[in-house]
Amino acid sequence: MNNTSSCDGAPSEMAATKITLYSLVLAWSLFGNILVLLVILKNKALRTNFNILIINMAISDLVIPCLALPMKIADTTLRPMEWVVDGPFGNFLCKACYFIADISPVVSSFSLVIIAVNRFFAIAVPVQGFLSRKRTLALIVGIWFLATVLLSPYFYIYRLETTGWTKCISTWSPAFDDTKAETIFTIILITVVFVFPCITIGVLYSVMLCKLQENSNRAASMLNDDQFRRRQRKDKTIFIMTIVIMFLYLVLWGPFFCTLVVLSFFIKENTASVQTVIITVQFLGYINSAVHPCIYFCFLKKLRQGLRRLLRRMFMFQFKEPSIAVSNSRTSAMIRMTNYTTKKCSKTSYK
């Protein structure tokens, strides 16, 4: 998925533009996802099963600003595919870095399926305790394991090559036919990461939409049941939020997977225009990790409240320390004055 590089002879202005865009998305995504993690982890009331899935999404999204985007910036700055670390350790880094960088969209896709399953049992089949904390954590471990298995060929196909300078390249040879193996791997990747999750989520959300309509009709006949109506509004809000997340995943990562299909079956030439298209659709995918925090804070009221409490505590702590220092200095001065008065009084009484 990350087997692209900058073209030789790229204008410096183009390189500067790409570095600027990469840096903006990096800063935005890093700050937003760390903020989401801090707000949830600092508030015990927010550590629900659903928010644990949000934490998992935020952790997978942090891979983009922490590794994928720095690699793209380095790729734009250095020579094409240049790898600065040599030797066995450099070869390991070549494999591991591309593996970790590409695991983020895979985990995000699987996480969307788990979120859809979570909402399905909360809305359509409200089985009490079906998705317990242990089962939610087990599902999260399972999707990371599945993503690891799916991308495990990276540890074979990525390796160092020295031709004038050290490069990190991807090739299936000599064990496999390079073109055929890459085509098969791409088909498996697109099917498991994009097609299957989209179909599964589409079916689940169609059933949930019908169930929400049915619950709305029930709520209309239960106008005095405030608790039921509040639960209904909450389910609708989270339902819409997850729909928006899935829609943005389709819009931002969809062009990348479609480009992979076109390159695997129709276009084999690696021209400058092809590289430009790949870089563009890949950049769109990276934006996905930056918009998630905005969606969370926009739709989840309790998350916004947690953010305000967190900022209030940070603000209060910042302005409390000087007052504490002043109070301590005043207390010390009062103690010294008391000691002086006590000594003076004791001397006077002795005389």
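An unreviewed UniProt entry annotates the protein as G-protein coupled receptors family 1 profile domain-containing protein of Exaiptasia diaphana. Looking at the Subcellular location (unreviewed entry) heading of the UniProt record, one finds this comment for the protein: "Membrane". On record in UniProt, under Sequence similarities (unreviewed entry), the comment for the protein is "Belongs to the G-protein coupled receptor 1 family."

Draft legend 1. Representation of the overall build of the protein in the model. When helices and strands are tallied, the protein shows nine helices and two strands. Taken from N to C terminus, the helices and strands of the protein fall in the order α-α-α-α-α-β-β-α-α-α-α. When burial is assessed residue by residue, the protein has 43% of its 351 residues classed as buried. About 19,500 Å² of surface is accessible on the protein, with carbon and sulfur atoms providing 68% of the total.

Draft legend 2. Fine view of the side chain of Thr259. Looking at where Thr259 falls in the secondary structure, it is placed in helix α7 (residues 226-265). Dropping the residues within four chain positions of it, Thr259 is found in contact with Val277, Ile278 and Val281.

Draft legend 3. Spatial organisation of the UniProt feature "transmembrane region" (unreviewed entry) in the protein. UniProt tags residues 20-41, 53-73, 106-125, 137-157, 184-208, 238-267 and 279-299 as "transmembrane region" (unreviewed entry). The annotated region residues 106-125 carries 90% helix and 0% strand content, and the separation between its end C-alpha atoms amounts to 27 Å. End C-alpha atoms of residues 238-267 are separated by 41 Å, and the span's content is 93% helix alongside 0% strand.

Draft legend 4. Molecular detail of the packing of aromatic side chains. If you walk through the whole model with that rule in mind, you get 17 aromatic pairs. Taking 4.9 Å as the distance between ring centres and 45° as the angle between the ring planes, the aromatic pair formed by Phe99 and Phe155 counts as tilted. Note that Phe99 is positioned in helix α3 (residues 87-123) and Phe155 in helix α5 (residues 154-157), a separation of 56 residues in sequence. Assessed through its relative accessible area of 9%, Phe99 is described here as buried. Through a chain of ring-to-ring contacts, three or more aromatic side chains come together here, namely Trp83, Tyr98, Tyr154, Tyr156, Tyr158, Trp172, Phe176 and Phe185. A cation sits over an aromatic face here: Arg159 above Tyr156, 4.8 Å from the ring centre. Above the plane of the ring of Trp165 lies Lys167, whose end atom (NZ or CZ) is 4.8 Å from the centre.

Draft legend 5. Layout of the pairing of strand β1 (residues 158-163). With six bridges joining them, β1 and strand β2 (residues 165-170) adopt antiparallel strand pairing. Within β2, the position partnered with Thr162 by the bridge is Thr166. Between β1 and the antiparallel strand that follows it, β2, lie one residue; Gly164 among them carries a positive phi value of about 90°.

Draft legend 6. Layout of the packing of α3 against helix α4 (residues 133-150). The geometry of α3 relative to α4 is characterised by a closest axis approach of 9 Å and an angle of 135° between their N-to-C directions. Regarding the angle of α3 to α4, the classification is oblique. Relative to α4, α3 is oriented so that their crossing is right-handed. Side by side, α3 and α4 meet where Phe99, Ile103, Val106, Val107, Phe110, Ser111 and Ile114 of the first sit next to Leu139, Ile143, Trp144, Leu146, Ala147, Thr148 and Leu150 of the second. Broken down by class, the residue content of the contact of α3 with α4 amounts to 12 nonpolar, two polar and no charged.

Draft legend 7. Region of the structure containing the state of the cysteines. In total, this model carries one disulfide according to the counting rule given. One disulfide in the model links Cys94 with Cys168; its S-S distance is 1.8 Å. Looking along the S-S bond of the Cys94-Cys168 disulfide, the torsion reads about 80°, which is the right-handed sense. Taken together, the residues span a long stretch of sequence, with Cys94 in helix α3 and Cys168 in strand β2 at a distance of 74 residues. What makes Cys94 buried here is its relative accessible area of 0%.

Draft legend 8. Structural view of the environment of Tyr22. Within the fold, Tyr22 resides in helix α1 (residues 12-41). For Tyr22, a relative accessible area of 3% translates into the label buried. Those residues in contact with Tyr22 that sit more than four places away from it in its chain are Leu69, Lys72, Ile73, Thr76, Ile279 and Phe283.

Draft legend 9. Just the packing of α1 against helix α8 (residues 272-299), in detail. Their axes nearest at 9 Å, the elements α1 and α8 cross at an angle of 30°. Regarding the angle of α1 to α8, the classification is roughly parallel. Considering only the axes of α1 and α8, their crossing is left-handed. Counted together, Lys18, Leu21, Tyr22, Val25, Trp28, Ser29, Gly32, Asn33, Leu35, Val36 and Val39 of α1 and Ile279, Phe283, Tyr286, Ile287, Ser289, Ala290, Val291, Pro293, Cys294, Tyr296 and Phe297 of α8 form the full contact between these two elements. Among the residues making up the contact of α1 with α8, the classes are represented as 17 nonpolar, four polar and one charged.

Draft legend 10. Quick peek at α8. In this model α8 runs 41 Å from its N-terminal to its C-terminal C-alpha over 28 residues, within 8% of the 40 Å that 1.5 Å per residue would give. Of all the bends in α8, the largest measures some 35° and sits at Ala290, one to four residues before the proline Pro293.

Draft legend 11. Quick peek at the environment of Thr166. Summarising the element assignment, Thr166 is placed in strand β2. Taking the C-alpha atoms as reference points, Thr166 and Trp83, 83 residues apart in sequence, are found 5.6 Å from one another. Residues in contact with Thr166, not counting those within four places in the same chain, are Met81, Glu82, Trp83, Val85, Asp86, Leu160 and Glu161. Within polar-contact distance, the side chain of Thr166 engages the side chain of Asp86 at 3.4 Å.

How each quantity is defined
Residues numbered from 1 in each chain as written. Predicted model: local features only at pLDDT ≥ 70, side-chain atom pairs only at ≥ 80, totals over all residues. Heavy atoms only, no water. UniProt positions renumbered as here; feature names shortened; annotations may be inferred. Helix = DSSP H or I, 4+ residues; strand = E, 2+ residues; numbered from the N terminus. Buried < 20%, exposed > 50% of the residue type's maximum accessible area, 1.4 Å probe, protein only. Areas by Shrake-Rupley, 256 points an atom, 1.4 Å probe, with all protein chains shown as cover. Contact = heavy atoms within 4.5 Å. Phe/Tyr/Trp six-rings, centres within 6.5 Å; stacked < 30°, edge-to-face > 60°. Lys NZ or Arg CZ within 6 Å of the ring centre and 35° of its normal. Pairing = 2+ DSSP bridges. Axes fitted to C-alpha atoms, helices over the stretch in contact; angles between N-to-C directions. Parallel < 35°, antiparallel > 145°, perpendicular 65-115°, else oblique. Left-handed = near helix turned anticlockwise from the far one by under 90°. Nonpolar A, V, L, I, M, F, W, Y, C, P; charged D, E, K, R; others polar. Disulfide = S-S within 2.5 Å. Expected span 1.5 Å × (residues − 1). Bend = angle between axes of the 7 residues up to and from the residue. Polar contact = N/O pair within 3.5 Å; in protein donor to acceptor, adjacent residues only side chain to side chain.

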